[in-house]
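# A look at the structure
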Amino acid sequence: MERILVTGATGFIGSHLVKKLVQQGISVYVIVRDRRKAEECLAEVLQKIVIYQREGSVYSLADFLQTEKIEGVIHLATHYITENSADDIEELIESNILFGTQILEAMKLAGVKKFINAGSSWQHYNHDTYNPVNLYAATKQAFEDLLHYYTQAEEIRAITLEIYDTYGAEDHRNKIINRWKRNIVEREVISLSLGEQKLDYILIEDVLEAILQAIKIVDDVFDKEKVYEKKYAVCSGHFYTLKEIAEIFEQVYHTKLQIAWGTLPYRKREVFEPYSGTEILPGWEAKYSLKEGLQYMYQKEQRKKGEG
């Protein structure tokens, strides 16, 4: 694919991916609701990408895909929430089901046949093939069911990537590693559970290489198979408890975190060991171990501070 539309381009993975694709010489198009946010988030590549502002019309999007000769879509847009309230339902449905379906319908109308989707490892509570941990994971599965229709009926070749926990430099999400980084400065006590749950963390640089490999796979099968739909895991296969991750973080960042372990209960339907039943993406493996990834992130942040 040489002309790609990216959704979720202002998110952590999406913003890094857009910059990576530009570096690869790929023509990148992004679809956003907030143009100003996109211009701020993607400022360093703004002159090298095309921004399409969502209007809600499937037909106008299809016209855009056709006019710009888009070859494929990487769908990263999502609304993530661990425990929802009734007020979250509309946004979960709109972002995780409706928007993606509008993209697929526009692709059908425009004759665009290549699609890479970001799934969720939270779809496998108790190691079941499908048992959503939360409503977010249920909406991700609901979209995959709709995607199945488009792969079968409209010959859209698709890969869903189950991307495990991610981290890296320039991450502004309220994730635990980012909270620990703030703790180095703020020194406020962080209340956490006992920390026995295991996690599989993937550095953003490894995630980007996985997406590039997925693009290659979809390109390779395009002329060979009319119906193609696969799901692969993007994970290292190495699990660490939250406590172990904190210890490695302390070693790399030369700090002692202010954590009150056991002062919070575990979340409802807490996952204590990541699901390992999905095949890892062929032709890809994580380059960085957790410690190596944290070291890479730390060094990158230190260089940026030096430049500042």
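To start, this report covers the structure provided alongside it.

Conventions we followed
- Residues numbered from 1 in each chain as written.
- Predicted model: local features only at pLDDT ≥ 70, side-chain atom pairs only at ≥ 80, totals over all residues.
- Heavy atoms only, no water.
- Axes fitted to C-alpha atoms, helices over the stretch in contact; angles between N-to-C directions.
- Helix = DSSP H or I, 4+ residues; strand = E, 2+ residues; numbered from the N terminus.
- Parallel < 35°, antiparallel > 145°, perpendicular 65-115°, else oblique.
- Left-handed = near helix turned anticlockwise from the far one by under 90°.
- Contact = heavy atoms within 4.5 Å.
- Nonpolar A, V, L, I, M, F, W, Y, C, P; charged D, E, K, R; others polar.
- Salt bridge = Lys/Arg side-chain N within 4 Å of Asp/Glu carboxyl O.
- Buried < 20%, exposed > 50% of the residue type's maximum accessible area, 1.4 Å probe, protein only.

Between helix 3 (residues 58-67) and helix 4 (residues 89-110), the shortest axis-to-axis distance is 8 Å and the interhelical angle comes to 50°. Considering their axes alone, helix 3 and helix 4 lie oblique with respect to each other. The interaxial crossing formed by helix 3 with helix 4 has right-handed handedness. Contacts from Val-58, Tyr-59, Leu-61, Ala-62, Leu-65 and Gln-66 in helix 3 reach Gln-102, Ile-103, Glu-105, Ala-106, Met-107, Leu-109 and Ala-110 in helix 4. In terms of residue class, the contact of helix 3 with helix 4 is built from 10 nonpolar, 2 polar and 1 charged.

So, on to the pattern of salt bridges. For the structure on display, the rule yields 18 salt bridges. The salt bridge partner of Lys-300 is Glu-205, with a shortest N-O separation of 3.3 Å. Pair noted here: Lys-300 is in helix 9 (residues 290-307) and Glu-205 is in helix 7 (residues 204-221), with a separation of 95 residues, a long-range link. When its relative accessible area of 26% is taken as the criterion, Lys-300 is described as partly exposed. Residue Glu-250 pairs with Lys-256 through a salt bridge whose shortest N-O separation is 3.8 Å. Take Glu-250: its relative accessible area is 15%, and that puts it in the buried class. Since its relative accessible area comes to 56%, Lys-256 is described here as exposed. Each member of the salt-bridge network shares a partner with another, and the members are Arg-33, Arg-54, Glu-91 and Glu-94.

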